[in-house]
Amino acid sequence: MRTAPSFFNTADLDGFDARTAALQDPRPHPTEPQLVQLGRSLMTEVLDVVLGSALEDHASTICETLIGGLHAGVQRLERDADREREALANLLHDFDGSEVSDVDLQEAKTRADALDVAAAALEFVRDAAAETYASATGEVWSPWRGSVRGGATSAAQIDAQSALRSREARRRSQTDPGDAVVAFRASPRSDAPEDARRIFDALNWARSEWPDMSLALTDAKGGERLAKRWAQQKGVRLVLAKPDFARFGRAAPFRANDQMLALRPVCVLVLPETLGRAAEAGAPPFGPAMNLADEARRRGVRCIRIAPS
């Protein structure tokens, strides 16, 4: 059976066991390591069956469908949790201090917390499967697309208010790219070892300049996939501006550039051509990368073109 080195960082997930224990469910919860192992085992089994077989040409579709299904499950659980949070908010709004209201609050919060834990558990499985897929193939998966009435304040009421605030804070932290966005665009042909070295050098430099940086890219093949892998290894937040070809057609890559510039990046890095042997063929620079560089300079954003060392 194939084993792969791990770059999945679980250092910030140490509270999972505490969250499961807080539910006080008499049934045991799987631990974080068990869930991570489940995700790795699922993907490893798929890869063992597919790679080297007649289905190998379709391995990316098969593997990404599995990961996408896990991701869809996470989203469904999160939507269910959102509905419970809405119910919790309604109960808080109508809280009258009675014992019945207090019990209703406790039960609603328990249901919401249980859904949060289930979503977090499935995230472990999904991310471990995606990590195994990336380690084995070099491909990186990413997803496509009130006031409280007066009266006595009980412990359940305070706990429910805290739960709602915590949920909103988590959402903001997950979607806010921060003030130090570094935008990156590269040619789809820039996937040679020389490209990888220079891209990693540039990104490591950017991270030394802005330790809390987020990396914005379009998830195109080539250099951007290398940059995406770097970000996942380093624990750098990713902001994806995927081109919407169905809506914008051939202009989609340039609309994606507009989305990245709307984030007000502190720096733009571009690699419009490969630095490897394919550069000898004399292919023109990648237009969308050049466009991003031109637009960045026009707006006064610092722009650096990656060149051979």
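Up top is the structure.
Everything in this summary refers to the structure shown in the same document. Predicted, not measured: the structure shown is a model, and the values here were computed from it.

Right, let's get into the packing of helix α6 (residues 193-209) against helix α7 (residues 223-234). Packed helices, taken two at a time, are described by the angle between their axes plus the distance between the axes. Two numbers describe how α6 lies on α7: the axes approach to 10 Å, and their chain directions differ by 45°. As judged from the angle between their axes, α6 and α7 are oblique. Here the hand of the crossing between α6 and α7 comes out right-handed. Between α6, through Ala196, Ile199, Phe200, Leu203, Asn204 and Arg207, and α7, the contact on the second element is made entirely by Gly223, Leu226, Ala227, Trp230 and Lys234. For the contact of α6 with α7, the per-class residue count stands at seven nonpolar, two polar and two charged.

All chains considered together, the criterion is met by 15 salt bridges. A salt bridge links Glu131 to Arg40; the nearest nitrogen and oxygen atoms lie 3.4 Å apart. One end of the pair, Glu131, is in helix α4 (residues 99-137); the other, Arg40, is in helix α2 (residues 32-50), and 91 residues separate them in sequence. With a relative accessible area of 26%, Arg40 lands in the partly exposed category. Asp219 is the partner of Arg225 in a salt bridge, and the nearest nitrogen-oxygen pair spans 3.3 Å. Under the relative-accessibility criterion, Asp219 is labelled buried at 8%.

Calculation criteria
Residues numbered from 1 in each chain as written. Predicted model: local features only at pLDDT ≥ 70, side-chain atom pairs only at ≥ 80, totals over all residues. Heavy atoms only, no water. Axes fitted to C-alpha atoms, helices over the stretch in contact; angles between N-to-C directions. Helix = DSSP H or I, 4+ residues; strand = E, 2+ residues; numbered from the N terminus. Parallel < 35°, antiparallel > 145°, perpendicular 65-115°, else oblique. Left-handed = near helix turned anticlockwise from the far one by under 90°. Contact = heavy atoms within 4.5 Å. Nonpolar A, V, L, I, M, F, W, Y, C, P; charged D, E, K, R; others polar. Salt bridge = Lys/Arg side-chain N within 4 Å of Asp/Glu carboxyl O. Buried < 20%, exposed > 50% of the residue type's maximum accessible area, 1.4 Å probe, protein only.

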